[in-house]
Amino acid sequence: MSLDISEIASYNFSVVEPKWQKFWLDNQSFKTRKSNNKKYYVLEMFMYPSGKVHIGHVRNYTIGDIVARYKRACGFDVLHPVGWDAFGLPAENAALKQKSHPRDWTYKNIETMKNQIRSLGFSYDWEREFATCDEEYYGFQQKIFLALYKKGLIYRKKSEVNWDPVDNCVLANEQVIDGKGWRSGALVEKKMLSQWFFKITNYANELLEELDNLKGWPENVKTMQRNWIGKSEGCSIDFSCDNGDQITVFSTRPETLFGATYLAISLDHPLAKKIADANEKIKEFISELKKGSVSQQVLDKQEKQGIDTGLTVKHPFLDKRLPVYIANFVLMDYGTGAIFATPAHDERDYDFAVKYSLPIIPVIKSENGEVPYFGDGTLFNSKFLNGLSVIEARKKIIEEIDKRNLGKKEIFFKLRDWGVSRQRYWGCPIPIVYCPHCGTVPLEEKDLPLKLPANVSFSGTGNPLDQHPHWKHVKCPVCGNNATRETDTLDTFVDSSWYFLRFCVGKESKDLLDKNEVCRWMTVDQYIGGVEHAILHLLYARFFTKALADCGLINVREPFKNLFTQGMVCSVTYKNEQGEWLFPSEVQKNEKGEFIEIATGKKVIVGRLEKMSKSKKNVVDPDVIVKTYGADALRLFVVSDTPADRDFPWSDEGLDGSWRFINRVWRLFVHLKNKGVSASTVQDIDLSSLTEEMQDIYKRFHQTIKDVTDSFESQSMNKAIAYIRESVNCIYSVLDKSEDNVSLFSVIIRDLIRLLAPITPHICEEAWSMFGFKNLVSENEWPRFREDYIKVSTVNLPIQVNGKLRGTIDVSLDASEEDILRKAMEVNNVRKIIGDKPIRKKIFIKGKIVNFVV
RNA sequence: GCCCGUGUGGCGGAAUGGUAGACGCUACAGACUUAAAAUCUGUUGUCCUUUCGGGCGUGGGGGUUCGAGUCCCUCCACGGGCACCA
């Protein structure tokens, strides 16, 4: 086939894309529709306004937009909102660095990113947009805080933070680098501060059990949450100490009690403090161990260390005393902050025992006497437990402990309460006042929102709200005397724990949790975001939903029905000989195919694909791509080839391929238009009037509709695109017959545009209007396929001998087994391989396979 | 350290336990062109073979099965999360 010059001119996206974006916006094409149709709520995890949209965002939002457009076409009322997770640390860092106010910095970023998002043609209902730093939003969040507070779900307790002794401020884990403060370089210490906590542990069981009902969640995310909640059954045991105190330990393996050789308590255990106060050496030792970050991976990796307190406790069942150690591997937050140690059957206990030459007494028989041993076996050395299995022994000893009043069976969760206090400015202020007379007093609703003061200075030291000249000084709402405000703000995870509820309510309502609207739209039918949020954000959002339901504010208990976690966007990295990262633009391929640094001519080390990040200089700017290739090409590319839940390898060549495909499709449209195809030539297709070849083409197209539909339903955009490409190739192969089959090609092209529209909406909208179809393709329905067209009557059946493929035969699906086996045996190659060997077995699976075992 | 994933041609990937490599990228060849680009057509896992065809192949090792990329065990490599980054 040949195309004339006018058809060869490439598709002018730079005119077409802005044209339709403006049209959609002006006509509010994606305003949330409220009809009697079924609803569908599509939500992508909202964006942190860091400054610029990156390709990772583009991929996330493209997936969401494809779902939204597809579901709209399928007839759902779709809620597809957009917003900004706008509080957080980077705004304050920018304030320090560039002297810009966090608010100005944030809103400016939002403006920039909004324009970027709009240039990608996402079908959002912009009317519902908001930022979490909007006074209206965080004011309402304070209302929610008060409701939870009244419900008894919020309390204050002391908890450890990373403390920078030079800057006098609390550091986030990411601000601690090699145990030192990122700005000051000072050795970080752990410090106890009074902080607010949400009682997420009240919901531990429900959070765990409801996971089983979340059929639309990936199994790995559910597993991670289960492990995080970490329900374990065990028992508490009281040990009496020779100083008169009692130490309660928790153990999930009480059956190993007879192998216990020492007790270990946490650095923060009340007893440890008591001892430290009386013993300078121990005090010093504890403060030495307290250096460094509070993060778990740091704690786990550090060497196990401890100190003998000199105290001993009595073993509850044996006539012996065990020494009590203060040890850095015992966590105050889990269990009771104290353990009995059985080094023969626990790795940590073992390492510690070896280091401090403590005895190791095995009580469970292992096959080859290995120590430490963690498997099942028979108890020995254990008095009344002797001869029992681990499970039996556990049951028995818990009974025994209970009977003798030494402790009781208990269930502990690894899940800890959620600390929400942040010693920072750019967050939601906590609506609490401390009064010397009335104590802790919540603000009254009429005093909300409690706004952040505008004039604030950032020195990098201390807490900005605390240092503000007058903000914290107020009159007590109860007695009117001088009082002070809480100067901590809320963790930004709080902001993102209910934003999906706020989206349900239109801007006209002051009640941000308007029950009718929340009830109409919740739950979120499809939630899409990175797997890095698998635990914290998703768990907090689930907790919040339950807590708000218990406060009577909403009536759902689970926020997200289906969850999709997309992979990261990765790209190649380059480093020079000094190990410095290089931009791709600084690198060139020479004649030998080696990569060299342009500036120096020296060889460059080509690293493996890594997550795109500014520091590795392997980011790609979406603006540049949109300008040179268009939004459709970018959208198409980020969901092509790689399944959406896997990491996506960026490549310029791949992007080029997507761009070529868009032009190929456009040439197809223009060619067919020139051959007379248009909306007015669409008519019902009478199969019998077509040649056999055209019948086949039409049937294959119905198969394509089915394949693409199935792929969209299973979020396999990459497969949908492969099927569409295949179909386009197929249409190209018969293009010279288009003139004789105008109606057929009209029908096919109409549906092809509709199949492609969720992915590349601009070109499809343009083609839709060019062919003269009514309304927008974005408002049109999804094409349907006919079951009777995709049924096949014959099949190409593989014939195996001993499980190896030796040939194939074409058979009718309803042919008898006998006929097929006879035919299979006649295949030349099969006969040759079998020879005169006797056939031991004939496997026949209808429509699938024939296998001769000889 | 603990928890969760991933591993298939030169590359991204496809494959209800049933013909491994669909679709795309790259590379190569041809057509068109004064030429280039673009476009179109073809080839492209690997080894043996003129052809027909055959051997080997889904990170390594083992197992279940008539048959394993797919299920089980084990090992290796890489990535994500770990509670104050979002």
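Described in the following lines is the structure provided in the data block. (Residues numbered from 1 in each chain as written. Chains lettered and ligands numbered in written order. Predicted model: local features only at pLDDT ≥ 70, side-chain atom pairs only at ≥ 80, totals over all residues. Heavy atoms only, no water.)

1. So, the overall build of chain A
Right, so step 1: Helices and strands together make up the secondary structure of chain A, namely 28 helices and 35 strands.
Right, so step 2: Seen through its principal axes, chain A has C-alpha atoms that stretch 100 × 85 × 65 Å.
Right, so step 3: Expressed as a percentage of its 854 residues, the buried residues of chain A come to 53%.
Right, so step 4: For chain A, the share of sequence-separated contacts (at least 6 apart) that also reach a separation of at least 24 residues comes to 71%.
Right, so step 5: A total accessible area of about 39200 Å² is found for chain A, and carbon and sulfur atoms account for 49% of it. (Helix = DSSP H or I, 4+ residues; strand = E, 2+ residues; numbered from the N terminus. Buried < 20%, exposed > 50% of the residue type's maximum accessible area, 1.4 Å probe, protein only. Contact = heavy atoms within 4.5 Å. Areas by Shrake-Rupley, 256 points an atom, 1.4 Å probe, with all protein chains shown as cover.)

2. Considering the environment of Gly234
Right, so step 1: Among the secondary structure elements, Gly234 is positioned in strand E8 (residues 231-240).
Right, so step 2: Since its relative accessible area comes to 1%, Gly234 is described here as buried.
Right, so step 3: Between the C-alpha atoms of Gly234 and Ile398, which are 164 residues apart in sequence, the distance is 8.0 Å.
Right, so step 4: Excluding residues that lie within four positions of it along the chain, Gly234 makes contacts with Phe250, Ser251, Thr252, Ile398, Lys408, Lys409 and Glu410.

3. Digging into the protein's contact with RNA strand B
Right, so step 1: Taken together, 69 residues surround RNA strand B, and among them Asp85, Arg608, Arg664, Asn829 and Lys848 come closest.
Right, so step 2: Those atoms of RNA strand B that come within 4 Å of the protein belong to sugar or phosphate at a rate of 67%.
Right, so step 3: At 3.0 Å, a backbone N or O of Gln296 approaches a phosphate oxygen of RNA strand B.
Right, so step 4: Examining the composition of the surface near RNA strand B, we find that 6 residues originate from one element, helix H23 (residues 717-733), more than from any other.
Right, so step 5: In terms of residue class, the surface near RNA strand B is built from 22 nonpolar, 23 polar and 24 charged. (Near = heavy atom within 4 Å. Polar contact = N/O pair within 3.5 Å; in protein donor to acceptor, adjacent residues only side chain to side chain. Nonpolar A, V, L, I, M, F, W, Y, C, P; charged D, E, K, R; others polar.)

4. Topic: unusual backbone geometry
Right, so step 1: Pro449 follows Leu448 through a cis peptide bond whose omega is -5 degrees.
Right, so step 2: Structurally, Pro449 is set in the loop between strand E18 (439-442) and helix H14 (464-467).
Right, so step 3: Put simply, Met522 and Thr523 share a cis peptide bond, and its omega is 5 degrees.
Right, so step 4: Within the secondary structure, Thr523 sits in the loop between helix H17 (515-521) and strand E22 (526-530).
Right, so step 5: Not every positive phi belongs to a glycine, and Asn381 is a case in point at roughly 60 degrees.
Right, so step 6: By the element assignment, Asn381 lies in the loop between helix H12 (347-355) and helix H13 (390-403).

5. Observations concerning the sheet that holds E18
Right, so step 1: The strand order across the open sheet formed by 4 strands is E18-E17-E20-E19, and the pairing between neighbours is antiparallel. Of all the strands in the sheet, just E18 and strand E19 (473-475) have a single pairing partner and so form its edges. Strand-to-strand twist in this sheet, taken as the mean axis angle between neighbours without regard to direction, amounts to 40 degrees.
Right, so step 2: One ladder, built from 3 bridges, connects E19 with strand E20 (residues 482-485); its direction is antiparallel. In the sheet register, Lys475 faces E20, and the bridge partner there is Asn482. (Pairing = 2+ DSSP bridges. Axes fitted to C-alpha atoms, helices over the stretch in contact; angles between N-to-C directions.)

6. Remarks on the sheet that holds strand E24 (residues 569-571)
Right, so step 1: Taken together, the 3 strands give an open sheet; going across it, the order is E30-E24-E31, and neighbouring strands pair in mixed fashion. Sheet topology places strand E30 (610-611) and strand E31 (648-649) at the edges, where each strand pairs with a single neighbour.
Right, so step 2: Where E24 and E31 come together, 2 bridges link them in parallel fashion. Residue pairing in the sheet places Val569 in a bridge with Phe648 of E31.

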